[in-house]
Amino acid sequence: MKLLIPRHSRPNSSRSSRVMRSRLLPAALPTSASFSSLSSRLRDMSLSASSSPLPPQLPSLFANGSRQGLSFTPEQRVSKNLTGLIPHVMEGADKQCERALKMIRSRQTNIDRYLYLSTLKGQNVDLFYRLLIDHAKELMPLVYTPTIGDVCLQYSTLYTRPEALYISIKQRKSMRTILKNWPYPNPEICVVTDGSRILGLGDLGVNGVGIPIGKLSLYTAAAGIHPERTLPIVLDCGTANETNLKDPLYLGLRSKRIPVPEQQEFMDEFMEAAAEVFPNMVVQFEDFESEKAFNYLDRYRSKYKCFNDDIQGTGAVVLAGYIGAVNLSGVPVEEQRLVFMGAGSAGVGVAKQLVEYYTKRGLSEQAAKDKFWLVDTKGLVTKDRGDKLAEHKKYFARTDNNSHQFRTLEEVIEYVKPTALVGLTATFGVFTESVVRALKASVDAGGLGRRPILFPLSNPLTKAECTFEQAINWTEGTVLFASGSPFANYTVKAGDHAVTYYPNQGNNVYVFPGIGLGAILAKASRVTDNMIYTSAAALAGALNADEIHKGLIYPRIERVRDASIIVAREVMKAARRDGVSMLPEAQWVEWEEWGDPALTKFIKEHVYDPVF
Ligand SMILES: O=C([O-])CC(=O)C(=O)O
Ligand SMILES: [Mg+2]
């Protein structure tokens, strides 16, 4: 395809865009270093010779011209030689959003809606983010959980264009070259997965790349990190997924996942190369299978700027929700007894975050730990269970079972009499009617007006341990509920009386964008435990009067951007307290003098908010 616009007048070299740009970006950053140039560069490289056919090049005309869509003024159209190349109407963001929403709503399936949005992102990134920011409740489920789970399952078929770095174990010697091939300079935040545990869907191999892409869309929509400063990466170590291996369209290495020690070596090389090529970049680990997730976090956290979203992000978001839920439950925090169904990275990560909460309130570590009963597929996790307990489960292994083995969740509930039940099992329907009713009964036994806490947190919705409707019905509406993926409000009618119940979404999207933004803006050299813990406390305090009145335990998803700013501010302060902020001392002294409003102003000045 020939370029129709002379090089000198292409909008990517123009400074005239009215798009508000992050001050983190250098003034001369090209606004449309598009994936078309990535495609062409890959085409020239022997590295790409064996990969799937590359998509046809995007005509640069539209990649460039679309940045402002239909909002170019007549004068801009003349000066950029765009006259006649776009329809003559001049429209602001609202009208363009209206058109896009109409299209999205006219599509029949969520995958189709995702594909429309994905195309829009490739063609008019500012419009895509304007939509996502202004219509978070409707559109987030399309670019994130639950739809992204289906997208990952079908990624090889849905693929139309490169949107990430795809690095296979076969290319490990070219790691630095590949990282440098990324068409945007100086990424600040990377989400990396090896596809080995995508949501609750298991090993999806390279198809798991939808998760880094989706999470980074939320870094931009929920925390205002400039889209050109985000870097999604999938490390391809093969896959255990037979369906993918047999799929002729599968885009990844067609071989079994390599042994764990080799995966670790590959990861070591990746972390070293990433820190060398992009020294300012924060790395978020996402959806690695549990053992690796814990191992990598331990291995890299004191050497690089990194955190694990499934362990620490989920831990923080559930802690925030737990604080809110306990306040509404009528059961004092000291009396709470928690059963966790699921003892993977998220289950253990969450339980550890809650232990920290209790120790900060003055409990000894042992007394705090004693409040938790973890259950996995074999039953209650105990020291004497006789199987080889995975390393990360040992911390919570119980000794109070008098040699008795509790094999089912029902037996554990009968024994523990919990006040809170948390699900991170990736198994739909594990919270059966008898389980939920038994939870309610054990809470009711403590006294009138007490409310059970029930968090079925597995993603996507097809893996949720129970639905919102079930939880309401089986607890006569008393439940304090949060799920990982979004459920709709539920209205119960009795005669001419109707009661509407509002679910909460306890998803790490409420914290990871703010943790990343805070770490970036504080120029943090590490992501410390205090930064993570603080994100939870900040989120717990971010509810407004209306949300409190409605009995919510998280801000409404429409307010996720407000919440992220608060989380980022507190994360920055925690970085400073921990001595890991590399900002000049004078800057901190000034903020300390002027207080939170000054720091909030600084954050707001640095976020991307597309206006056109
Ligand atoms: O992606 C999500 O919605 C939450 C998450 O990290 C997971 O389930 O692994
Ligand atoms: Mg995850």
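Small disclaimer: the values here were computed from a predicted structure and weren't measured.

### Considering the overall build of the chain
When you go through the chain residue by residue, the secondary structure sums to 26 helices and 14 strands. Within the span of the chain, comprising 612 residues, buried residues form 59% of the whole. Entry remark: accessible area of the chain is about 24,900 Å², with carbon and sulfur atoms responsible for 54%.

### As for the coordination of the magnesium ion (ligand 2)
Within the first shell, the magnesium ion (ligand 2) binds the protein through Glu-286 (OE), Asp-287 (OD) and Asp-310 (OD), at distances of 2.0 to 2.1 Å. Along the chain, the residues that donate to the magnesium ion (ligand 2) are spaced as E-D-x22-D. Linking Asp-287 in the loop between strand 4 (282–285) and helix 14 (290–300) with Asp-310 in helix 15 (residues 309–329), this pair joins segments that are 23 residues apart in sequence. Like Asp-310, Asp-287 is buried.

### So, the site of ligand 1
Around ligand 1, a shell composed of Tyr-144, Thr-145, Arg-197, Leu-199, Lys-215, Glu-286, Asp-287, Asp-309, Asp-310, Asn-459, Asn-507 and Asn-508 is seen. Between ligand 1 and the protein, one listed contact pairs an oxygen atom with a side-chain N or O atom of Asp-310 at 2.9 Å. Within the complex, 93% of the 270 Å² of free accessible area of ligand 1 lies under protein.

### A word on the packing of aromatic side chains
The tally for this structure, following the rule as stated, stands at 22 aromatic pairs. Ring geometry for Phe-128 and Tyr-129: centres 4.8 Å apart, planes at 80°, overall edge-to-face. When its relative accessible area of 2% is taken as the criterion, Phe-128 is described as buried. Pairing Phe-406 with Tyr-415 gives two aromatic rings, centres 4.4 Å apart and planes at 15°, and the pair type is stacked. A residue is classified by how much of its surface remains accessible, and Phe-406, at 11% relative accessible area, is buried. Feature note: the residues Tyr-322, Phe-340, Tyr-357, Tyr-358, Phe-372, Tyr-395 and Phe-396 constitute an aromatic cluster, connected by ring pairs. Over the aromatic face of Tyr-395 sits the side chain of Lys-352, whose NZ or CZ is 5.0 Å from the ring centroid.

### What to know about the UniProt feature "domain: Malic enzyme N-terminal" (unreviewed entry) in the chain
UniProt feature "domain: Malic enzyme N-terminal" (unreviewed entry): in the numbering of this structure it lies at residues 121–301. The span residues 121–301 shows a helical share of 48% and a strand share of 11%, and its end C-alpha atoms are spaced 33 Å apart.

### Things to note about the sheet that holds strand 10 (residues 453–456)
Within a beta sheet, neighbouring strands are joined by backbone hydrogen bonds and run either parallel or antiparallel to one another. Pairing is mixed in the open sheet, where seven strands are placed in the order 8-7-6-9-10-11-14. Since the sheet does not close on itself, it has two edges, and those belong to strand 8 (379–380) and strand 14 (504–505), each with one partner. Judged from the two bridges that link them, strand 10 and strand 11 (residues 480–483) form a sheet pairing that is parallel. Paired with Ile-453 across the bridge in strand 11 is Leu-480. Along the sheet face, helix 18 (residues 409–416) touches strand 6 (338–341), strand 7 (372–376), strand 8 and strand 9 (420–423) and points at about 170° away from the line of strand 6.

### Regarding the UniProt feature "binding site: (S)-malate" (unreviewed entry) in the chain
Mapped onto the present numbering, the UniProt feature "binding site: (S)-malate" (unreviewed entry) falls at Arg-197, Asn-459 and Asn-507. Here Arg-197 shows up in the loop between strand 2 (189–193) and helix 11 (210–223). If sequence neighbours within four positions are ignored, Arg-197 has contacts with Gly-202, Asp-287, Phe-288, Glu-289, Asp-310 and Ser-345. Within the structure, the side chain of Arg-197 is placed 3.0 Å from the backbone oxygen of Leu-199, a separation counted as a polar contact. Relative to the helices and strands, Asn-507 is located in the loop between strand 14 and helix 21 (512–521). With sequence-adjacent residues up to four places away left out, Asn-507 is seen in contact with Tyr-144, Thr-145, Val-317, Asn-459, Ser-483 and Gly-484.

### Some words on the environment of Glu-276
For Glu-276, the location among the structural elements is in helix 13 (residues 260–277). On the basis of relative accessible area, Glu-276 is assigned to the partly exposed category, the value being 49%. On a C-alpha basis, the gap between Glu-276 and Arg-176 in space is 8.4 Å, while along the polypeptide they are 100 residues apart.

### Considering the environment of Ser-483
Positionally, Ser-483 belongs in strand 11. Sequence-wise, Ser-483 and Gly-423 are 60 residues apart; in three dimensions their C-alpha atoms are separated by 8.9 Å. Contact partners of Ser-483, with chain neighbours within four places excluded, come to Pro-456, Leu-457, Asn-504, Gln-505, Gly-506 and Asn-507. Separated by 2.6 Å, the side chain of Ser-483 and the backbone oxygen of Ser-485 make a polar contact.

### Focus: the sheet that holds strand 5 (residues 306–308)
Pairing is parallel across the open sheet formed by five strands, whose spatial order is 1-3-2-4-5. Unpaired on one side and paired on the other, strand 1 (165–168) and strand 5 mark the two borders of the sheet. On average, adjacent strands in this sheet sit at an angle of 20° to one another, irrespective of strand direction. With five bridges joining them, strand 2 and strand 3 (residues 230–236) adopt parallel strand pairing. Counted as the bridge partner of Ile-189 is Thr-230 from strand 3. Along the sheet, helix 21 makes contact with strand 2, strand 4 and strand 5, crossing strand 4 at roughly 160°.

### Here we look at the confidence of the model for the chain
Of all residues in the chain, 89% have pLDDT values of 70 or greater, and the mean over the chain is 90. In this model, residues 1–66 is a region of pLDDT below 50 whose contacts with residues beyond four sequence positions or in other chains number 120 contacts.

### Brief notes about the pairing of strand 6
Alternating residues of strand 6 divide into Leu-338 and Phe-340 and Val-339 and Met-341, and every residue in both groups is buried. When strand 6 meets strand 7, the two strands line up parallel, connected through four bridges. For Met-341, the partnering residue across the bridge sits in strand 7 and is Val-375. Here strand 6 pairs with strand 9 via four bridges, running parallel. When the bridges of strand 9 are listed, Val-339 appears paired with Leu-421.

### Regarding the state of the cysteines
In protein chemistry, a disulfide is the covalent bond that joins the sulfur atoms of two cysteines. For the coordinates displayed, the defined rule picks out zero disulfides. Not engaged in a disulfide, the cysteine Cys-190 finds its nearest cysteine sulfur in Cys-306; these two sulfurs lie 11 Å apart. Accessibility expressed as a relative area gives 0% for Cys-190, which makes it buried.

### A word on helix 24 (residues 560–577)
Taking 1.5 Å per residue as the helical rise, helix 24 with its 18 residues ought to reach 26 Å, and the 25 Å between its terminal C-alpha atoms agrees with that figure. A positive phi of about 75° marks Gly-579, the residue just after helix 24.

### Re the nonpolar core
By size, the foremost hydrophobic cluster in this structure holds 144 residues, and its most contacted members are Leu-179, Val-192, Ile-233, Met-267, Phe-270, Phe-372 and Met-572. With 10 residues, helix 15 is the single largest residue contributor to this core. Dropping the residues within four chain positions of it, Phe-372 is found in contact with Leu-338, Phe-340, Ala-351, Leu-354, Val-355, Tyr-358, Phe-396 and Arg-398.

How each quantity is defined
- Here the residue index of a chain counts from 1 through its sequence in written order.
- Throughout, the order in which chains and ligands are written sets their labels, letters from A for the former and numbers from 1 for the latter.
- Side-chain atom pairs in this predicted model are given and counted only at pLDDT of 80 or more, local residue features only at pLDDT of at least 70, and totals for whole chains, interfaces and linings cover all residues.
- For the side-chain quantities, the full set of heavy atoms in the structure was used; hydrogens and water were omitted.
- Put simply, DSSP H or I for four residues or longer makes a helix, DSSP E for two residues or longer makes a strand, and each gets a number counted from the N terminus.
- The cut-offs for exposure are 20% and 50% of the maximum accessible area for each residue type, with area from a 1.4 Å probe on protein chains only; residues under the lower value are buried, those over the upper are exposed, and the others partly exposed.
- Only the protein chains shown count as cover for residues, with accessible areas throughout obtained via the Shrake-Rupley method and a probe of 1.4 Å.
- Donor atoms are limited to N, O and S found within 2.8 Å of the metal ion, a distance that becomes 3.2 Å for Na, K and Ca. With water left out, some sites might look partial.
- Being near a molecule or strand, for a residue, means having at least one of its heavy atoms within 4 Å of it.
- A 3.5 Å cut-off defines polar contacts: any pair of N or O atoms within that distance qualifies, except that in protein one atom must be a possible hydrogen donor and the other a possible acceptor, and neighbouring residues in sequence count only when both atoms are side-chain atoms.
- Each pair of aromatic rings taken from Phe, Tyr and Trp, with Trp reduced to its six-membered ring, is defined by centres within 6.5 Å and is described as stacked if the planes are under 30 degrees apart, edge-to-face if over 60, and tilted in the remaining cases.
- Our definition puts a charge over a ring when NZ of Lys or CZ of Arg is within 6 Å of the ring centre and also within 35 degrees of the ring normal.
- UniProt positions are given in the numbering used here, feature names are shortened, and annotations may be inferred rather than shown by experiment.
- Criterion used throughout: strands pair if DSSP finds at least two bridges between them.
- Contacts are residue-level and defined by heavy atoms, with any inter-residue pair within 4.5 Å sufficient.
- Each axis is a line fitted through C-alpha atoms, taken for helices only over the stretch in contact, and angles between the N-to-C directions span 0 to 180 degrees.
- Residue-level confidence of the predictor is what pLDDT reports, using numbers from 0 through 100.
- Cysteine sulfur atoms are paired as a disulfide whenever they come within 2.5 Å of each other.
- Any helix carries an expected span of 1.5 Å times its number of residues minus one.
- For the purposes of this section, nonpolar cores are sets of buried Ala, Val, Leu, Ile, Met, Phe, Trp, Tyr and Cys residues that join through side-chain atoms within 4.5 Å.

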